[in-house]
Amino acid sequence: MNSAMSAPRSMLLCHRGGFLLSFKGGRSTKSLPFFSFCCKLYSSRSCNEVLSNGVARRKKEIDFEHLFKSCTKIYILKCLHALLVVSGKAQSIFIGTRLGNLYAHLGDVSLSLKTFCVIENKDAYIWNSMISSYVRNGNFRESLNCLNEMLSTADVKPDFYTFPPVLKACGNILDGARIHCWASKLGLEWDVFVAASLVHMYCRFQSSTVAFKIFKNMPFRDMGCWNAMISGFCQNGNAIEALSLLNEMRLEGIKMDSVTIATVLPICGQLDDIVHGMLIHLYVIKHGLELDVFVSNALINMYARFGELRHAQKVFDDMIVRDLISWNSLIAAYEQNNVPEKALKYFHEMMVNEIQPDLLTIVSLASSTAQTKSFHCCRSIHGFILRRCWIQEDVIVCNAVVDMYAKLGFIHCSRKVFDEMLVKDVVSWNSMISGYAQNGLASEAIELYNMMKKCDDVAPNQGTWVSILPAYAHLGALREGMRTHGHVFRVALNLDVFVGTSLIDLYGKCGRLDDAMSLFYEVPRMITVPWNAIISCHGIHGNGRVSLKLFNDMLGEGVKPDHVTFLSLLSACSHSGLVDEGKRYFHMMEQEFGIKPVLKHYGCIVDMFARAGRLETAYRFIKSMPLQPDASVWGALLGACRIHGNVELGKLASDNLFEVDPENVGYYVVLSNIYANYGKWEGVNEVRSLARDRGLKKTPGWSSIEMNNKIEVFYTGNQSHPQCHEIYEELSILTAKMKTLGYTPDYTFVLQDVMDDEKEQILTSHSERLAIAYGILNTPHRSPLRIYKNLRVCGDCHNVTKLISKITEREIIVRDSNRFHHFKDGVCSCGDYW
């Protein structure tokens, strides 16, 4: 053997059937150890004779079985391949196939193909091995081409081993149907493995009806077939059919295995059927399957879906062996049920146990961190991701970080991460758009959406529409929203419950309540989301009685209300002065439906009492609350003190507000207005000075009107508009007509200490009056006007708009920061209660 290795130029070349391997120099650090090992398989006496080409004549067979088992790397397998070529065994069907399979197993399909090509007189076994090699390495198109080549060979026909792997490779249902035809033609359709693969294939392409037909006609079904069909129904959203098939399987005496259980448990969540899930858990314990990691993970996920964290924790604690999925499932369970502290605790415990996190861990972790509202924790997670270079490698991680910062309100950090992403998918754009919308930056959300539309490689989807439609609703951009509605209709998503709900919200908040109702009756109404939206829409329009009727209709259709439902309902009662009804529904929420009130619910009750002038009742309610009042609670009381002129209680409410939310300039403005209404200018100056010292600036009032595909925005006292002269002249004419009808300016809404004639001029220049005058000048007579205002309508402007609607014979719809006002024939829909 040493003589062989010292051949001229120390090179061994083996060439058979066009296949060439070379090992140069005889000193390769990879090749020599293996050849030395090969040499040991020869006895010393078997190397007595040396051929002229340097290859030893063997008297003793090499242990190729042992050599095959030693091939764990490609370079070692190449050495063995060379030895097989030299020994003349490489063309053996058995050896050649084994070589090809091993090359494929080690990830080199090209060498597997070369080995395949060398073999002469290929039988079905060889072809099947090559097809399987392609499929195992994800070369699906090549596997289909290989099948076509096999089918074109007259002397070799596929067998029942050929079709299962190639059916996995089908990229579309046409390929699958063509292969199905070949299987039928060859009489292999009813083989249990082929039939199960056909079931899988058709289910993958949402053709569960065809799959079930094949399943029902099978002469024999094993456990894999039943699991395939049950899984197929689940994949296609046919949860009821899946459970029905499970019952049929058990009636035939076939016991569930771990795959069946892991497939069926998610169905219980889809059907909101925890009883069925717990019965399956009992089956698991009875048949000793609780130690199966796969089953335990599915149980954790099932209990998490129902919010039964105690049961999920018990399953986790009882597990003897836990894998990464087990930890991810428990962390996600706490994250999805708004217990972020526990999620973070188990992440740290997971790290202590030296379980390395993956992408799913990070997604749950980022969401949990956002729930904690801790910027420090958020930066720590971001640093953890950066240290592992995941943010450069995976778009899913980037999206999670963008969403995390946005939910915490650090939108500039979110945008920075977004801008630095090397690859952006549709989820990236959706996360950033929704981040802007949820942080009140509707204009920025729309601007980013317009940028997204210019990207050829990204197409808007359901998440995009659900993110952008609320931004249009916030700005009152009805025309743009309607254009988006057209896009939604063209992609057939208008009946999707979440997109449909966003459209209901858009039309409702843009004053088109009839259109909102029409859409409501078109979308599916099995869940609370559309009900909550339409109840809220009627509430902000002052139709409290309609909101209560819709709530009763919801109960009548068997839809169980959630905390958002009662939030919308209590808000509707507040806007319509339905105090007794609001109290009744507040008690019903906890006593009949077991929903524990949160601060927003308490804030609605305070607002309801305070708007009705029952300020002392509202204050006593605050003092009796089991939760510490937040800014929304004290803010509701302060706003009502402004309306009803209670300076003392207003000062008390503002003191509490300055403690819990000192950076909100709106509260300083309201308190200043209370002092100004009563001529307490020293108090006004004191509050304004306090705001200035804290670096706070008053939000300027503005109103907008959409006209000619353009949104015109007017600020209070605006003098720069091209039609400024005509607008003020029109207002002067209207004011003169109103005074003939008995109008007298209410100077209590002027917050400056100036003369009366200046006060009247200030009232005339309020932003909503400028927008109304502009609309009158530029629209046909008697056509309706829609105005959007960022602050509440003042009392004087409210009276003026009623009179203008009567004088001009127009309907004027004004949406302020709280609600809608429909002015017509000198009357407002709010009944002067807002």
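How each quantity is defined
- Residues numbered from 1 in each chain as written.
- Predicted model: local features only at pLDDT ≥ 70, side-chain atom pairs only at ≥ 80, totals over all residues.
- Heavy atoms only, no water.
- UniProt positions renumbered as here; feature names shortened; annotations may be inferred.
- Helix = DSSP H or I, 4+ residues; strand = E, 2+ residues; numbered from the N terminus.
- Core = buried A, V, L, I, M, F, W, Y, C linked by side-chain atoms within 4.5 Å.
- Buried < 20%, exposed > 50% of the residue type's maximum accessible area, 1.4 Å probe, protein only.
- Contact = heavy atoms within 4.5 Å.
- Expected span 1.5 Å × (residues − 1).
- Arc of directions from axis to C-beta.
- Patch = residues over 30% accessible without salt bridge, like charges linked within 9 Å, V, L, I, M, F, W, Y side chains within 5 Å.
- Areas by Shrake-Rupley, 256 points an atom, 1.4 Å probe, with all protein chains shown as cover.
- Salt bridge = Lys/Arg side-chain N within 4 Å of Asp/Glu carboxyl O.
- Pairing = 2+ DSSP bridges.
- Phe/Tyr/Trp six-rings, centres within 6.5 Å; stacked < 30°, edge-to-face > 60°.
- Lys NZ or Arg CZ within 6 Å of the ring centre and 35° of its normal.

Looking at an unreviewed UniProt entry, one finds the protein named Pentatricopeptide repeat-containing protein At4g33990 isoform X3, with Nicotiana sylvestris as its source organism. According to its UniProt record, the protein has this under Sequence similarities (unreviewed entry): "Belongs to the PPR family. PCMP-H subfamily."

1. Focus on the UniProt feature "repeat: PPR" (unreviewed entry) in the protein
UniProt marks residues 123–158, 222–256, 292–322, 323–357, 425–459, 496–530 and 562–597 with the feature "repeat: PPR" (unreviewed entry), using the numbering shown here. Helix makes up 71% of residues 425–459 and strand 0%, and the two end C-alpha atoms of the span are 9 Å apart. Split by type, residues 562–597 is 75% helix and 0% strand. Its first and last C-alpha atoms lie 11 Å apart.

2. As for the nonpolar core
The nonpolar side chains of a soluble globular protein tend to be buried with one another. The biggest cluster of nonpolar side chains holds 198 residues, and the ones touching the most others in it are I261, I468 and L637. For I261, the residues in contact, after removing those within four places along its chain, are M256, I280, Y283, V284, L289 and V295. Among the nonpolar cores identified, the runner-up in size contains 32 residues, and Y743, V793, V814 and F823 belong to it.

3. Quick word on helix α27 (residues 442–453)
Over its 12 residues, α27 extends 17 Å from the first C-alpha to the last, a length consistent with the 16 Å expected when each residue adds 1.5 Å. Those residues of α27 lying buried are A442, A445, I446, L448, Y449 and M452. Angular distribution of buried residues about the axis of α27 spans 165 degrees; they occupy a single face of the element.

4. Comments concerning a nonpolar patch on the surface
On the surface, a nonpolar cluster with roughly 400 Å² of combined accessible area is contributed by V275, L279, L282 and I285. If you trace the backbone, L282 turns up in helix α16 (residues 274–286). Judged by its relative accessible area of 54%, L282 falls in the exposed class.

5. Some thoughts on the pairing of strand β6 (residues 812–815)
Of the two faces of β6, the one holding I812 and V814 and the one holding I813 and R815 are both buried throughout. For strand β5 (residues 785–789) and β6, the ladder comprises 4 bridges, and the chain directions are parallel. What sits directly across from R786, in β6, is I813. What sits between β6 and strand β7 (residues 820–824) in their antiparallel hairpin is a turn of 4 residues.

6. Considering unusual backbone geometry
Of note in this structure, E354 is not a glycine but carries a positive phi near 60 degrees. Locating E354 in the fold gives a position in the loop between α20 (340–352) and α21 (359–372). The phi dihedral of E809 falls on the positive side, at around 55 degrees, and the residue is not glycine. Examined against the element boundaries, E809 turns out to sit in the loop between α45 (795–808) and β6.

7. Some points on helix α32 (residues 528–540)
An α-helical segment advances 3.6 residues per turn. Residues three or four places apart therefore align on the same side. Counted at 1.5 Å a residue, the expected span for α32 with its 13 residues is 18 Å, and the 18 Å between its end C-alpha atoms agrees. With respect to burial, α32 is a largely interior element, 11 of its 13 residues being buried. Those residues of α32 that sit buried are T528, P530, W531, N532, A533, I534, I535, C537, H538, G539 and I540. Against the buried residues of α32 lie α30 (497–509), α31 (513–520), α33 (544–556), α34 (563–576) and β7. Downstream of α32 by a residue or two, G542 has a phi angle that is positive, lying close to 80 degrees.

8. A look at the packing of aromatic side chains
Counted under the stated rule, the structure contains 20 aromatic pairs. On the basis of an interplanar angle of 45 degrees and a centroid distance of 6.4 Å, the ring pair of Y619 and W634 is categorised as tilted. With Y619 in helix α37 (residues 615–624) and W634 in helix α38 (residues 631–644), this residue pair connects regions lying 15 residues apart in the sequence. We classify W634 as buried; its relative accessible area is 6%. Linked through ring pairs, F212, F215, W226 and F233 together constitute an aromatic cluster. The residue whose ring lies beneath R221 is F215, and the NZ or CZ to ring-centre distance is 4.5 Å.

9. Describing the sheet that holds strand β8 (residues 827–828)
Pairing is mixed in the open sheet, where 6 strands are placed in the order β4-β3-β5-β6-β7-β8. The open sheet has two edge strands with one neighbour each: β4 (710–715) and β8.

10. What to know about the pattern of salt bridges
As enumerated under the stated definition, the model contains 21 salt bridges in all. Close ionic contact of K416 with E420 constitutes a salt bridge, the shortest N to O distance being 2.9 Å. Here the residue K416 and the residue E420 both occupy positions in helix α25 (residues 411–420), the gap between them amounting to 4 residues, near one helical turn. Residue D553 is joined to K549 by a salt bridge in which the shortest nitrogen-to-oxygen separation is 3.1 Å. Taken together, the residues span about one helical turn, with D553 and K549 both in helix α33 at a distance of 4 residues. Each member of the salt-bridge network shares a partner with another, and the members are R141, D175 and R178.

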